[in-house]
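Summary of the model geometry
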Amino acid sequence: MADYDALASLLDPSGGSAVDEEPVSSGYNGQITPASFGAPSSAADARTLNAAARRSMPQPKPIDKKHPNDIWDVDDLPDAVEDDYDDGRAVPTYEIMHRQNITTADAYLGIPYVHKDPGSVDCEEMTIKIQLPGTKNVSELDLDVQATYLRLSSEKYKLNTYLPAKVDEKRGSAKWDARKETLSVVLPLVKEDPW
């Protein structure tokens, strides 16, 4: 107890002993624990303390729909896929492949000025093959291609997907294979500096 008196005299230079003025509640088995200090002695005191603290705290301002410090708004996003809800139509199986045009010099000679990276960095086009079983005619399909996503819908199928790279949607082409019931969409990639 003498240690607590010494600590109290350091904290209260007026000379009054905090231990004498207010009894310290003891914890488990009568020992003084860190939880013994600072907390209110009863639940009623705690409620009074919390209510007083809440009244003294500044109340937060209501959040405006559009704050002047916002750096973007959802309406400003040009390529947002808007109809992402599940309406019961099936999502068709699809495959995205990158394609690059190579010559024999690229494949066999490995000349540094002509050589292309075997990864997708040097690819010129992206091909998306979408399998649509039960679709008989291409006129049943509605295809929308933007720079960063592809949207396809029909009576049976619905596909909304973001593309792994930016494409030139104006120069793309689509081909329907009625025998395989597959739509192949070829889109030229927009070259951007990867670094």
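Since we're looking at a predicted model, the values are computed, not measured.

1. Regarding the confidence of the model for the protein chain
Of the residues in the protein chain, 57% have a pLDDT of 70 or more, and the chain-wide mean is 75. For residues 17-28, every residue scores under 50 in pLDDT, and the model assigns this stretch 14 contacts once sequence neighbours within four places are set aside.

2. Some points on the sheet that holds strand 4 (residues 149-153)
Backbone hydrogen bonds hold the strands of a sheet together, and the pairing may be parallel or antiparallel. Spatially, three strands are ordered 3-4-5 in an open sheet, and the strand pairing comes out antiparallel. Two strands bound the open sheet, and with one partner strand each, they are strand 3 (142-145) and strand 5 (158-162). Strand-to-strand, the axes of this sheet are offset by a mean angle of 5°, without reference to chain direction. Where strand 3 lies against strand 4, four bridges are found, and the strand directions are antiparallel. Its bridge partner being in strand 4, Val145 is matched across the sheet by Leu150.

3. Topic: the pattern of salt bridges
Tallied over the entire structure, the rule returns five salt bridges. In this structure, the salt-bridge partner of Arg99 is Glu125, at a minimum N-O distance of 2.1 Å. You can see Arg99 sitting in strand 1 (residues 93-99) and its partner Glu125 sitting in strand 2 (residues 125-131), a full 26 residues away along the chain. Looking at Glu125, the relative accessible area reads 22%, which means it is partly exposed.

How each quantity is defined
- Residues numbered from 1 in each chain as written.
- Predicted model: local features only at pLDDT ≥ 70, side-chain atom pairs only at ≥ 80, totals over all residues.
- Heavy atoms only, no water.
- pLDDT = per-residue confidence, 0-100.
- Contact = heavy atoms within 4.5 Å.
- Pairing = 2+ DSSP bridges.
- Helix = DSSP H or I, 4+ residues; strand = E, 2+ residues; numbered from the N terminus.
- Axes fitted to C-alpha atoms, helices over the stretch in contact; angles between N-to-C directions.
- Salt bridge = Lys/Arg side-chain N within 4 Å of Asp/Glu carboxyl O.
- Buried < 20%, exposed > 50% of the residue type's maximum accessible area, 1.4 Å probe, protein only.

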